[in-house]
Amino acid sequence: MSRSLLPLIGKLWLFAILFFLYAPILVMAAMSFNASPFYQLPFELSTRWYQQMAGNGQILSAALRSVGIAMVTTLVATALGTAASIGLFRYDFAGKKVLMVLLFPPIAIPWLITGTAMLIFFFAIGIGRGTPAVIIGHVALALPYVIVTVTARLSSFDITLEEAARSMGANSWTVLRRVTLPWIAPGVVAGGLFAFAVSFDQFVVSYFLSEPGDSTLPVLIYTAIRKGFTPEINAISTIIIAVSMLIMFLATRYSRFAGDR
Amino acid sequence: MSAVDVQNVTKRFGQTVALDDVSISFEDGGFFALLGPSGSGKTTLLRTIAGFHFAETGAIRIGDRNVENVPVEKRDIGMMFQNYALFPNMSVADNVGFGLRVRKVAAAEERRRIAEALELVQLGAMAERRPSQLSGGQRQRVALARAIVTNPKVLLLDEPLSALDKTLRVDMQIELKRIQREIGITTIFVTHDQEEALTLSDRIGILKDGRIVQVGPPREVYDKPVDAFTAGFLGDANWVPESWLSALRLPQPANGHSFAVRPEALSMAQARLDGMNAVAGRLTQRVFAGAMATCLIEVEGQKWKLIARDRDIPEITGDGAVWLNWRPEDTMAVRA
Ligand SMILES: Nc1ncnc2c1ncn2[C@@H]1O[C@H](COP(=O)(O)OP(=O)(O)O)[C@@H](O)[C@H]1O
Ligand SMILES: [Mg+2]
């Protein structure tokens, strides 16, 4: 009897976790399509909040800014992170181990603390607040994710492939472009998607580092909720969730891909 | 002029001296084997010629160029790696064509040369496959085609056959030799397998502890090893006890030399034969192995080994007392 009971408890447990994780999201998504502004039932299908949102210039410009910052962050973090990973892979140097260990704490340190530290630091060195500060902050947050993902992929890369290419006359740039990058591409794409997600979903650091009036989407939502909740927020949140989930889905697909081959 | 010339090259890794004042010349169009036990510096020498290592001292010439300051990609070499190192994301044809594309060879010419190289290794039909769709032996051939397609000045091979099983290895040895003859490319072949070195090469260089011990044609290094290490490394050697030396005809004055005989040079009899060198011993074991047989004979407390066709070895009766005879010219003299 206990044989059949244990897996059953396990399944119930898993179900409970998934329920508490996804039920609020599903309710919110459902409500974003409900006509009533006060969450009244019966459910009446409507795209009213999406239309209203589409007409809201503030939301749109925040969304554009969020996407823009996320794209710049992705490009910069992916390029720097990939270069760093290849450097760490190819060369042995004093302090390499320490450097690699230092990559992980930023993932674990609460963003509230990272954000405060960045704000103080950026003011101290004169960058202050604003979009450049936000981008620098996001890149710093996203870098470890890119490095970890690309490094994981590189660990299965055979360095003699680079040597073979060089023996056939390829210079460093050609070797990188034709041999190394094609191999680590899935890891680079996954790292880039993680970087995009880290930036696009970022609230704390953006909140600390952005100028009032130059908010990103999560910051705008937060300020809007404080003023008074409208189902428009459900609509924009639903879109953000859909985008984030799609990115995470792609990222895990690519990084699994990266581990498999 | 030799195709590749290494002069007084020394290479250290930290405390380890991997190459200790190595000088060696590789003849144009020759098949040269670098033979030595593991850790003797064979790979280091090959990779220093290729340019993956830079020597602390000495000079390396490939063709008519000194290459100490030339990076790998400009040395005009072909190299075959132990694990083949084929590009997994490219087809066989693209793998072979890599070096041509890097050199910006025209498309039509590139296609022709890829086809030619694949034909040479008998893989014409496999051009569109991925490396993952090939057997070990086929990958090997692709790696070879890829290494020679650019007509490099020298072909460098680091134990290319050691990953193959015995039968396939022998097939590939024959293939390799055929292809090397056909295109006449100067080849440097690293191996720790003495039989492979003796079979394939025109010249052998023996390495030990980062030093070149002896260089010469296979027969010469086998028949006339310069020291005890080479004598024992290339095959079995039976060492003549000093007490017997005065009774033998020796190729050298005994002073400062040790003397040995190969197992296959011996013949066993119950008497000492005229005009031959001989030592007396006691037969302890006879091992039948089909066509050939091995006998173990105790000579003055040392184990001697005899290898001969089974039918050429007489039956020994009684207490096993025998004479081991050999022609005086088969006595090997090495530095003591
Ligand atoms: N990259 C390296 N770093 C440190 N030591 C090395 C390196 N490569 C080779 N060695 C050392 O140099 C010596 C010769 O090695 P190697 O050339 O690989 O020998 P072989 O190919 O004959 O087995 C060995 O003692 C080996 O440990
Ligand atoms: Mg080696």
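Residues numbered from 1 in each chain as written. Chains lettered and ligands numbered in written order. Predicted model: local features only at pLDDT ≥ 70, side-chain atom pairs only at ≥ 80, totals over all residues. Heavy atoms only, no water.

**As for the overall build of chain B**
Stated formally: Secondary structure is summarised from DSSP: a helix means a run of H or I of at least four residues, a strand means a run of E of at least two, and numbering begins at the N terminus for each. Burial classification: accessible surface area is computed with a 1.4 Å probe over protein chains only, and a residue below 20% of its type maximum counts as buried, one above 50% as exposed, and the rest as partly exposed. Any pair of residues with heavy atoms lying within 4.5 Å of one another is described as a contacting pair. Here the accessible surface of atoms and residues is derived via Shrake-Rupley with a 1.4 Å probe, and residues count as covered only by protein chains that are part of the display. Positive charges come from Lys and Arg alone, negative charges from Asp and Glu alone, with His and the N- and C-terminal ends not counted. By convention, the charge on Lys lies at NZ, on Arg at CZ, on Asp at CG and on Glu at CD.
Counting secondary structure elements, chain B contains 9 helices and 18 strands. Counting only residues that meet the buried cut, chain B has 51% of its 336 residues in that class. Sequence separation of at least 24 residues holds for 66% of the intrachain contacts in chain B that already meet a minimum separation of 6. On chain B, roughly 15,500 Å² of surface is accessible, and the fraction owed to carbon and sulfur atoms is 48%. Looking at charge distribution, chain B has the averaged site of its 41 positive side-chain charges lying 4 Å from that of its 42 negative ones.

**Description of the overall build of chain A**
Scanning chain A from terminus to terminus reveals 12 helices and 0 strands. If you list the helices and strands of chain A from N to C, you get α-α-α-α-α-α-α-α-α-α-α-α. Its C-alpha atoms give chain A principal-axis dimensions of about 70 × 65 × 30 Å. Of the roughly 14,400 Å² that chain A leaves accessible, carbon and sulfur atoms contribute 74%.

**A look at the domain arrangement of chain B**
All names here are of chain B. Rules: Domain boundaries shown here were taken from an automatic or database domain assignment. Defined in terms of a 1.4 Å probe, buried area is the accessible area two parts forfeit on being brought together, summed over both. Basic side-chain nitrogens of Lys or Arg form a salt bridge, by our definition, when they fall within 4 Å of a carboxyl oxygen of Asp or Glu.
Split by domain assignment, chain B resolves into domain 1 (2–232) and domain 2 (240–335). Computed from C-alpha atoms alone, the centre-to-centre distance between domain 1 and domain 2 is 39 Å. Its largest share of buried area at the contact with domain 2, domain 1 owes to Tyr222, Val226 and Ala231, together 60% of the area lost on that side. Where domain 1 meets domain 2, there are 0 salt bridges. Residue assignment for the side of domain 1 that touches domain 2 shows that the elements contributing at least two residues are helix H7 (218–223) and helix H8 (228–234).

**Quick word on the site of ligand 1**
Residue and element names in this part refer to chain B. Rules: We call a residue near a given molecule or strand whenever any one of its heavy atoms falls within 4 Å of it. We call two N or O atoms a polar contact when they sit within 3.5 Å, provided that within protein one can donate a hydrogen and the other can accept it, with sequence-adjacent residues counted only if both atoms are side-chain atoms. Polarity classes work like this: nonpolar for Ala, Val, Leu, Ile, Met, Phe, Trp, Tyr, Cys and Pro, charged for Asp, Glu, Lys and Arg, and polar for all others, with Gly in that last group.
Taken together, the residues surrounding ligand 1 are Phe13, Thr16, Ala18, Pro37, Ser38, Gly39, Ser40, Gly41, Lys42, Thr43 and Thr44. A distance of 2.7 Å separates an oxygen atom of ligand 1 from a polar backbone atom of glycine 39. Contact with the protein chains removes 59% of the 560 Å² of surface that ligand 1 exposes when unbound. Secondary-structure elements contributing two or more residues to the shell around ligand 1 are strand E2 (16–26) and helix H1 (42–50). For the shell around ligand 1, the element with the most residues is H1, which contributes 3 residues. Its residues placed into classes, the shell around ligand 1 shows 3 nonpolar, 7 polar and 1 charged.

**Brief notes about the confidence of the model for chain A**
Selection criterion: Confidence of the predictor at the level of single residues is given by pLDDT, which spans 0 to 100.
Residues with a pLDDT of 70 or more make up 96% of chain A, whose mean pLDDT is 85. Within chain A, the lowest mean pLDDT, 76, falls on helix H12 (residues 231–260) of chain A, and the highest, 95, falls on helix H8 (residues 160–167) of chain A.

**Focus: helix H5 (residues 166–183) of chain B**
As a reminder of what qualifies: Each helix should span, by expectation, one fewer than its residue count multiplied by 1.5 Å.
Relative to the 26 Å expected for 18 residues at 1.5 Å per residue, H5(B) spans 26 Å between its end C-alpha atoms, a close match to the ideal helical length. Those residues of H5(B) hidden inside the fold are in contact with strand E3 (31–35), helix H3 (107–120), helix H4 (136–148), strand E7 (154–158), strand E8 (187–191) and helix H6 (194–200) of chain B.

**Focus on the nonpolar core**
We count it as follows: Nonpolar core, defined: a set of buried Ala, Val, Leu, Ile, Met, Phe, Trp, Tyr and Cys residues in which side-chain atoms within 4.5 Å join the residues together.
Counting residues in hydrophobic clusters, the biggest one holds 65 residues, and the most contacted among them are B:Phe26, B:Leu34, B:Ile49, B:Phe98 and B:Leu156. The dominant element in this core, judged by the number of residues it contributes, is helix H7 (residues 131–154) of chain A, at 9 residues. Residues in contact with B:Leu34, not counting those within four places in the same chain, are B:Ile24, B:Phe26, B:Lys42, B:Leu45, B:Ile188, B:Phe189, B:Val190, B:Thr191, B:Gly205 and B:Leu207. Counting 35 residues, the second-largest nonpolar core is a separate cluster that includes B:Phe31, B:Leu120, B:Ala147 and B:Phe189.

**Some details on the pattern of salt bridges**
Residue and element names in this part refer to chain B. The final tally for this structure, using the stated rule, is 30 salt bridges over all chains. Taking the shortest distance from any N to any O, the salt bridge between arginine 169 and aspartate 193 comes out at 3.7 Å. Here the residue arginine 169 occupies a position in helix H5, and aspartate 193 occupies one in the loop between E8 and H6, the gap between them amounting to 24 residues. Judged by its relative accessible area of 18%, arginine 169 is buried. The network of salt bridges with shared partners includes Glu109, Arg112, Arg113 and Glu116.

**Comments concerning the sheet that holds E8(B)**
All names here are of chain B. Formally: Pairing between two strands requires that DSSP report at least two bridges joining them. Each axis is a line fitted through C-alpha atoms, and for a helix only the stretch in contact is used; angles between axes span 0 to 180 degrees, taken between their N-to-C directions.
On the basis of which strands lie adjacent, the open sheet formed by 6 strands has the order E6-E7-E8-E3-E9-E10 and mixed pairing. Pairing within the sheet leaves two strands with one partner each, and these edge strands are strand E6 (77–80) and strand E10 (211–216). The average undirected angle you get between the axes of adjacent strands in this sheet is 20°. Where E7 meets E8, 4 bridges bridge the pair, whose relative direction is parallel. Residue pairing across strands places leucine 157 opposite phenylalanine 189, the latter belonging to E8.

**A look at the interface of chain A and chain B**
Each partner contributes to the interface: chain A provides 18 residues, whereas chain B provides 22 residues. For the chain A and chain B pair, buried surface summed over both sides reaches about 1,700 Å², with 61% attributable to carbon and sulfur atoms. At the junction of chain A with chain B, the criterion picks out 2 salt bridges. Notably, a salt bridge pairs A:Glu163 with B:Arg47, separated by 2.8 Å at the nearest N-O pair. Between the two partners, chain A and chain B, sit 5 residue pairs in polar contact (both at pLDDT 80 or more).

**Examining the confidence of the model for chain B**
Looking at chain B as a whole, the pLDDT averages 92, with 100% of positions reaching at least 70. Scoring of the predicted complex yields 0.81 for pTM and 0.84 for ipTM.

**Overview of the sheet that holds strand E16 (residues 302–309) of chain B**
All names here are of chain B. The strand order across the open sheet built from 5 strands is E13-E17-E14-E15-E16, with neighbouring strands paired in antiparallel fashion. The sheet is open, and its two borders are formed by strand E13 (267–269) and E16, each paired with just one other strand. Within the sheet, the average angular offset between the axes of one strand and its neighbour, ignoring direction, is 45°. In terms of strand pairing, E13 meets strand E17 (residues 321–326) through 3 bridges, oriented antiparallel. Along E17, the bridge assignment pairs serine 267 with asparagine 325.

**Description of the environment of B:Tyr84**
Residue and element names in this part refer to chain B. Assignment of secondary structure puts tyrosine 84 in the loop between E6 and helix H2 (92–102). Classification of tyrosine 84 by relative accessible area gives buried; the value is 9%. For the pair tyrosine 84 and glycine 232, spaced 148 residues apart in sequence, the C-alpha to C-alpha distance is 32 Å. Here tyrosine 84 is in contact with Gly136, Arg139, Gln140, Ala143, Arg146, Pro160, Ala163 and Leu164, once residues within four sequence places are set aside.

**Brief notes about unusual backbone geometry**
Most peptide bonds adopt trans geometry, and most residues besides glycine take a negative phi value. Residue and element names in this part refer to chain B. The backbone of lysine 104 shows a phi angle near 55°, a positive value even though the residue is not glycine. Looking at the element boundaries, lysine 104 is found in the loop between H2 and H3. Despite not being glycine, glutamate 159 has its phi angle at roughly 40°, a positive value.

**With respect to the packing of aromatic side chains**
Cut-off, in case you're wondering: Note on ring pairs: Phe, Tyr and Trp rings are taken, using the six-membered ring of Trp, and paired if centres are within 6.5 Å. Classes follow the plane angle, with under 30 degrees stacked, over 60 edge-to-face and the rest tilted. The rule is short: NZ of Lys or CZ of Arg within 6 Å of the ring centre and within 35 degrees of the ring normal puts a charge over the ring.
Overall, the coordinates contain 16 aromatic pairs over all chains when judged by the stated rule. Plain terms: the ring middles of A:Phe33 and A:Tyr50 are 4.9 Å apart, the flat faces sit at 25° to each other, and that makes the pair stacked. Of the two residues, A:Phe33 is situated in the loop between helix H1 (2–32) and helix H2 (48–54) and A:Tyr50 in helix H2; the sequence distance between them amounts to 17 residues. Looking at A:Tyr50, the relative accessible area reads 16%, which means it is buried. What links up through ring pairs into an aromatic cluster is the set A:Phe203, A:Tyr207, A:Phe208 and A:Tyr222. Residue placement shows A:Arg153 over the ring face of A:Trp183; its charged tip is 4.2 Å from the ring centre. Positioned over the ring face of B:Tyr222 is B:Arg262, at 4.1 Å from the centre of the ring.

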